[in-house]
Amino acid sequence: MAADRVIRIAAVGDLHFDHDARGSLVKLFAKINQNADILALCGDLTTHGRVDQMRACVEEMSPVEIPIVAVLGNHDHEAEAVAEISDVLRQRGIHVLDGEQVVIQGIGFVGIKGFIGGFGRGTLAPFGEPLIKAVVQHALDEALKLENALRTLTTDTRVVLMHYAPIMETLTGEPEMLYPFLGSSRLLTPIDTHGATVVFHGHAHAGTLEALTPGGVPVYNVAMPLLQSHGRSFHLWETRAPERRKEG
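Note that residues are indexed from 1 along each chain, following the sequence as it is written. Confidence filtering applies because this is a predicted model: local features only for residues at pLDDT of at least 70, side-chain atom pairs given and counted only at 80 or more, and all residues used for totals across whole chains, interfaces and linings. Side-chain numbers here rest on the full set of heavy atoms in the structure, without hydrogens or water.

## Examining the side chain of Glu 60
(1) Moving on: The way it works is that DSSP assigns letters per residue, a run of H or I at least four long becomes a helix, a run of E at least two long becomes a strand, and they are numbered from the N terminus. Residue placement: Glu 60 occurs in helix α2 (residues 51-60).
(2) Moving on: When accessible area is computed with a 1.4 Å probe and restricted to protein chains, residues below 20% of their type maximum are described as buried, those above 50% as exposed, and intermediate ones as partly exposed. His residues and chain termini do not enter the charge count, which takes Lys and Arg as positive and Asp and Glu as negative. In the sections that follow, a salt bridge refers to a side-chain nitrogen of Lys or Arg positioned within 4 Å of a carboxyl oxygen of Asp or Glu. With no salt bridge to any partner, buried Glu 60 finds its closest opposite charge in Arg 22, at an N-O distance of 5.7 Å.
(3) Moving on: Among the polar contacts listed, one links the side chain of Glu 60 to the backbone nitrogen of Ser 24, at a separation of 3.3 Å.
(4) Moving on: A 3.5 Å cut-off defines polar contacts: any pair of N or O atoms within that distance qualifies, except that in protein one atom must be a possible hydrogen donor and the other a possible acceptor, and neighbouring residues in sequence count only when both atoms are side-chain atoms. Side-chain polar atoms of Glu 60 contact the backbone nitrogen of Leu 25, separated by 2.9 Å.
(5) Moving on: If sequence neighbours within four positions are ignored, Glu 60 has contacts with Phe 17, Ala 21, Arg 22, Gly 23, Ser 24, Leu 25, Val 26 and Phe 29. The contact definition used throughout considers only heavy atoms, calling two residues in contact when any of these lie within 4.5 Å.

Next comes the structure, spelled out in structure tokens:
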């Protein structure tokens, strides 16, 4: 029986990179490369989602030799150039997930952006103006993408990346009036139903580092401003995967 090996995943989001910050992330990425086996980026890589910003952000990643998987955030959508900035990331070899899945070193990853809408009894209902119904439908569409990706993933370890929060508990510390704009519990059902192992999200800069879903799945808020307020620059999570067989 093959022995398991430890896989270290470094997770961080909300870099909010712009040209004015050139050189500011190189040391961070070098440290991640030294301490992790896989890098997970949880959205808001740029400030305004411009192609030139994403290219500059990718340049900061020059020290990274480990595999990278990423989702986009709301800031990355600002310039309405999602296809173009996703291409910039993919040209760097980064796995950009938007309802897709990828297996890296025996670990399964699925990713979505997520969306707003609130939590529990306060979840926005699809009633009234068409714009309200459209907001709810987008949250439902994001949840469906997550469900489909998780349902068909066959790895033992299933890592979920998103930008918006799927539970309220990792938002504690933010003004409660902002909760509906920081995530949606519509994203929660696929996580607890289809066997996610762990969830990483960003977006809530003043939230709480970690909590559990009702089904016991650990959820980590890895927004970089929050991590920095706790003296950290990324979250390192360890899991085990079957040892890969050598060729030949």
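## Some thoughts on a nonpolar patch on the surface
(1) Moving on: A contiguous nonpolar surface patch, about 340 Å² in accessible area, is contributed by Met 177, Leu 178 and Phe 181.
(2) Moving on: Residue position: Met 177 is located in the loop between β7 (158-161) and α5 (179-182). Surface patches are defined over residues having more than 30% relative accessible area and no salt bridge, joining like charges when they lie within 9 Å and nonpolar side chains (Val, Leu, Ile, Met, Phe, Trp, Tyr) when within 5 Å. For the accessible areas, the method is Shrake-Rupley and the probe is 1.4 Å, while residue cover comes only from the protein chains on display.

## Digging into the side chain of Thr 239
(1) Moving on: Inspection of the secondary structure puts Thr 239 in strand β11 (residues 235-242).
(2) Moving on: For Thr 239, the residues in contact, after removing those within four places along its chain, are Arg 5, Val 6, Ile 7, Ile 107 and Thr 157.

## Thoughts on the sheet that holds β11
(1) Moving on: Two strands qualify as a pair provided DSSP detects at least 2 bridges between them. Strands sit in the order β4-β3-β2-β1-β11 across an open sheet of five strands; the sheet is mixed. Of all strands in the sheet, those bounded by a partner on one side alone are β4 (95-96) and β11.
(2) Moving on: Both strand β1 (residues 4-12) and β11 contribute to a ladder of eight bridges, which runs antiparallel. From the neighbouring strand, Arg 8 faces β11, where its bridge partner is Glu 238.

## Concerning the pairing of β1
(1) Moving on: In this structure, β1 lies alongside strand β2 (residues 38-42), joined through four bridges in parallel fashion. Opposite Ile 9, over in β2, you have Ile 38 as the bridge partner.

## Notes on the nonpolar core
(1) Moving on: Residues belong to a common nonpolar core when they are buried Ala, Val, Leu, Ile, Met, Phe, Trp, Tyr or Cys residues joined through side-chain atoms within 4.5 Å. The biggest cluster of nonpolar side chains holds 54 residues, and the ones touching the most others in it are Ile 9, Leu 15, Leu 39, Leu 41, Phe 109 and Phe 200.
(2) Moving on: Not counting chain neighbours up to four residues away, the residues in contact with Phe 109 comprise Ile 9, Ile 38, Val 69, Leu 97, Glu 100, Gln 101, Val 102, Ile 104, Leu 153 and Val 159.
(3) Moving on: Listed in part, the 22 residues of the second largest apolar core include Leu 150, Ile 167, Val 199 and Val 217.

## Here's the deal with the packing of aromatic side chains
(1) Moving on: Any pair of Phe, Tyr and Trp rings, taking the six-membered ring for Trp, is counted once the centres come within 6.5 Å. Such a pair is stacked with planes under 30 degrees apart, edge-to-face with planes over 60 apart, and tilted for the rest. Considering all chains together, one arrives at three aromatic pairs under this definition.
(2) Moving on: When the centroid spacing of 6.1 Å and the interplanar angle of 70 degrees are considered together, the rings of Phe 115 and Tyr 164 count as edge-to-face. Placement of the pair is Phe 115 in the loop between β6 (107-111) and α4 (130-151) and Tyr 164 in the loop between β7 and α5, with a sequence separation of 49 residues.
(3) Moving on: The exposure class assigned to Phe 115 is buried, which follows from its relative accessible area of 17%.

## Thoughts on the pairing of β6
(1) Moving on: Counting buried positions over the five residues of β6 gives five, a clear majority of the element.
(2) Moving on: Of the two faces of β6, both are covered, the one formed by Ile 107, Phe 109 and Gly 111 as well as the one formed by Gly 108 and Val 110.
(3) Moving on: Both strand β5 (residues 101-104) and β6 contribute to a ladder of four bridges, which runs antiparallel. Looking across to β6, one finds that Gln 101 is bridged to Val 110.
(4) Moving on: In this antiparallel pair of consecutive strands, β5 and β6, the connection spans two residues, and Gln 105 shows a positive phi of 50 degrees.
(5) Moving on: Looking down the strands as they point away from the viewer, one classifies a crossover as right-handed if the path from the first strand across the helix to the second runs clockwise. Note that the unit made of β6, α4 and β7 has a crossover that is right-handed.

## Let's talk about the sheet that holds β6
(1) Moving on: One open sheet holds the six strands; their spatial order is β5-β6-β7-β8-β10-β9, and the pairing between them is mixed. The two strands at the open ends of the sheet, each matched to only one other strand, are β5 and β9 (210-212). Between one strand and the next, the sheet's axes are offset by a mean angle of 25 degrees, whatever the strand orientation.
(2) Moving on: Summarising the sheet, β9 and strand β10 (residues 218-221) pair through three bridges and their orientation is antiparallel. Bridging from a neighbouring strand, Leu 212 pairs with Pro 218 of β10. Note on geometry: axes are C-alpha line fits, over the in-contact stretch for helices, and angles between N-to-C directions span 0 to 180 degrees.

## Structural notes on the pattern of salt bridges
(1) Moving on: Applying the stated criterion across every chain, the model contains five salt bridges.
(2) Moving on: Among the salt bridges present, the one from Arg 50 reaches Asp 52, with a minimum N-O distance of 3.2 Å.
(3) Moving on: When salt bridges that share partners are traced, they join Asp 98, Glu 142 and Lys 145 into one network.

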